[in-house]
Amino acid sequence: LSNTNSIHWEAIRNYPIFKHFSRHFLSFQLGLHKPDPALYRELIQKLNAKPQEILYLDDLRENVLEARSQGIESEIVRENLAQIKYALQKYRIYL
(Lines give C-alpha, C1' and ligand atoms only; values in the text may rest on other atoms or scores of the structure.)
Protein backbone atom coordinates (compact mmCIF):
# COMPACT_ATOMS: atom_id res chain seq x y z
CA LEU A 1 0.00 0.00 0.00
CA SER A 2 1.76 3.10 -1.19
CA ASN A 3 1.01 6.78 -1.64
CA THR A 4 2.84 7.03 -4.92
CA ASN A 5 2.38 8.31 -8.42
CA SER A 6 2.91 6.48 -11.69
CA ILE A 7 6.29 8.12 -12.40
CA HIS A 8 7.70 7.15 -9.00
CA TRP A 9 6.26 3.63 -9.25
CA GLU A 10 7.97 3.08 -12.61
CA ALA A 11 11.28 4.09 -11.03
CA ILE A 12 10.99 1.70 -8.05
CA ARG A 13 8.82 -1.20 -9.23
CA ASN A 14 11.80 -3.49 -9.85
CA TYR A 15 13.38 -3.06 -6.42
CA PRO A 16 14.15 -6.51 -4.95
CA ILE A 17 11.80 -6.01 -1.97
CA PHE A 18 8.78 -6.08 -4.26
CA LYS A 19 9.45 -9.69 -5.30
CA HIS A 20 8.13 -10.70 -1.87
CA PHE A 21 4.67 -9.31 -2.62
CA SER A 22 2.21 -10.72 -5.13
CA ARG A 23 0.00 -7.63 -5.11
CA HIS A 24 0.60 -3.90 -4.89
CA PHE A 25 -1.98 -1.32 -3.87
CA LEU A 26 -1.01 2.06 -5.25
CA SER A 27 -2.77 5.30 -4.44
CA PHE A 28 -2.64 6.61 -8.00
CA GLN A 29 -4.44 3.48 -9.21
CA LEU A 30 -7.02 3.46 -6.40
CA GLY A 31 -7.70 7.19 -6.38
CA LEU A 32 -7.27 7.29 -2.59
CA HIS A 33 -4.39 8.31 -0.34
CA LYS A 34 -3.25 7.34 3.15
CA PRO A 35 -4.53 8.01 5.77
CA ASP A 36 -8.00 8.18 4.19
CA PRO A 37 -10.14 5.56 5.99
CA ALA A 38 -11.70 4.59 2.65
CA LEU A 39 -8.29 3.42 1.41
CA TYR A 40 -7.92 0.92 4.23
CA ARG A 41 -11.48 -0.31 3.75
CA GLU A 42 -10.72 -0.75 0.03
CA LEU A 43 -7.59 -2.72 0.90
CA ILE A 44 -9.56 -5.05 3.20
CA GLN A 45 -12.17 -5.60 0.51
CA LYS A 46 -9.67 -6.18 -2.31
CA LEU A 47 -7.76 -8.69 -0.19
CA ASN A 48 -11.01 -10.40 0.79
CA ALA A 49 -9.56 -10.68 4.28
CA LYS A 50 -10.49 -9.89 7.83
CA PRO A 51 -8.73 -6.73 9.00
CA GLN A 52 -6.86 -8.62 11.72
CA GLU A 53 -5.40 -10.93 9.03
CA ILE A 54 -3.54 -7.99 7.46
CA LEU A 55 -0.20 -6.66 8.67
CA TYR A 56 0.47 -3.04 7.76
CA LEU A 57 3.86 -1.38 8.29
CA ASP A 58 4.38 2.35 7.77
CA ASP A 59 6.77 5.04 8.87
CA LEU A 60 4.05 7.61 9.53
CA ARG A 61 2.14 7.45 12.80
CA GLU A 62 -1.10 8.86 11.36
CA ASN A 63 -1.21 6.12 8.71
CA VAL A 64 -0.65 3.38 11.28
CA LEU A 65 -3.26 4.82 13.65
CA GLU A 66 -5.87 4.94 10.87
CA ALA A 67 -5.10 1.37 9.80
CA ARG A 68 -5.45 0.26 13.43
CA SER A 69 -8.78 2.08 13.70
CA GLN A 70 -9.96 -0.13 10.82
CA GLY A 71 -8.87 -3.26 12.77
CA ILE A 72 -5.69 -3.87 10.74
CA GLU A 73 -2.62 -5.13 12.61
CA SER A 74 -0.20 -2.22 12.22
CA GLU A 75 3.28 -1.19 13.30
CA ILE A 76 5.34 1.96 12.90
CA VAL A 77 8.69 1.22 11.29
CA ARG A 78 11.26 3.69 10.05
CA GLU A 79 13.59 3.06 7.16
CA ASN A 80 15.56 0.66 9.29
CA LEU A 81 15.82 -2.97 8.28
CA ALA A 82 16.16 -4.13 11.89
CA GLN A 83 12.81 -2.53 12.82
CA ILE A 84 11.12 -4.10 9.82
CA LYS A 85 12.54 -7.55 10.63
CA TYR A 86 11.45 -7.18 14.26
CA ALA A 87 7.91 -6.25 13.22
CA LEU A 88 7.69 -9.18 10.82
CA GLN A 89 9.00 -11.62 13.42
CA LYS A 90 6.56 -10.27 16.00
CA TYR A 91 3.78 -11.46 13.68
CA ARG A 92 5.66 -14.67 12.79
CA ILE A 93 6.39 -13.64 9.21
CA TYR A 94 9.75 -14.77 7.88
CA LEU A 95 11.13 -13.84 4.47
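Residues numbered from 1 in each chain as written. Predicted model: local features only at pLDDT ≥ 70, side-chain atom pairs only at ≥ 80, totals over all residues. Heavy atoms only, no water.

1. A short note on the packing of aromatic side chains
The full count for this structure, using the stated rule, is two aromatic pairs. Aromatic side chains Y40 and Y56 sit 5.6 Å apart centroid to centroid with 85° between the ring planes, which places their arrangement in the edge-to-face category. Of the two residues, Y40 sits in helix α3 (residues 37-47) while Y56 sits in strand β1 (residues 55-58), which places them 16 residues apart along the sequence. Under the relative-accessibility criterion, Y40 is labelled buried at 0%. For Y56, a relative accessible area of 5% gives the class buried. (Phe/Tyr/Trp six-rings, centres within 6.5 Å; stacked < 30°, edge-to-face > 60°. Helix = DSSP H or I, 4+ residues; strand = E, 2+ residues; numbered from the N terminus. Buried < 20%, exposed > 50% of the residue type's maximum accessible area, 1.4 Å probe, protein only.)

2. Re the nonpolar core
Within the largest apolar cluster, nine residues are counted, these being F25, Y40, L43, I44, I54, Y56, V64, A67 and I72. For this core, the elements supplying multiple residues, two or more each, are α3 and α4 (61-69). In terms of residue count, α3 provides more of this core than any other element does, three residues in total. If sequence neighbours within four positions are ignored, I44 has contacts with A49, P51, I54, Q70 and I72. (Core = buried A, V, L, I, M, F, W, Y, C linked by side-chain atoms within 4.5 Å. Contact = heavy atoms within 4.5 Å.)

3. Some remarks on the pairing of β1
The alternating pattern of β1 places Y56 and D58 on a buried face and L55 and L57 on a face that is not buried. Where β1 and strand β2 (residues 73-76) come together, four bridges link them in parallel fashion. Bridging across to β2, D58 finds its partner in I76. For the crossover that starts at β1, traverses α4 and ends in the parallel β2, the hand is right-handed. (Pairing = 2+ DSSP bridges. Right-handed = clockwise from strand over helix to strand, strands pointing away.)

4. Considering the pattern of salt bridges
Here the structure, examined in full by the defined rule, presents four salt bridges. Salt-bridge contacts for K90 lead to E75; the nearest nitrogen and oxygen are separated by 2.8 Å. One end of the pair, K90, is in helix α5 (residues 81-90); the other, E75, is in strand β2, and 15 residues separate them in sequence. Taking the relative accessible area as the measure of exposure, E75 reaches 15% and is therefore buried. (Salt bridge = Lys/Arg side-chain N within 4 Å of Asp/Glu carboxyl O.)

5. A look at a nonpolar patch on the surface
Together, Y15, I17 and F21 make up a nonpolar patch on the protein surface, roughly 320 Å² of accessible area in all. For Y15, the location among the structural elements is in the loop between α1 (6-12) and α2 (27-30). (Patch = residues over 30% accessible without salt bridge, like charges linked within 9 Å, V, L, I, M, F, W, Y side chains within 5 Å. Areas by Shrake-Rupley, 256 points an atom, 1.4 Å probe, with all protein chains shown as cover.)

6. Digging into α4
Each α-helix turn comprises 3.6 residues. Residues three or four places apart therefore point the same way. For α4, the full list of buried residues reads N63, V64, E66 and A67. For α4, the arc enclosing every buried residue in end-on projection is 165°, short of the 170-degree limit, so these residues lie on one face. Buried-residue contacts for α4 involve α3, β1 and β2. Positive backbone phi, at 90°, marks G71, one or two positions downstream of α4. (Arc of directions from axis to C-beta.)

None of the figures reported here should be taken as evidence of function without further support.
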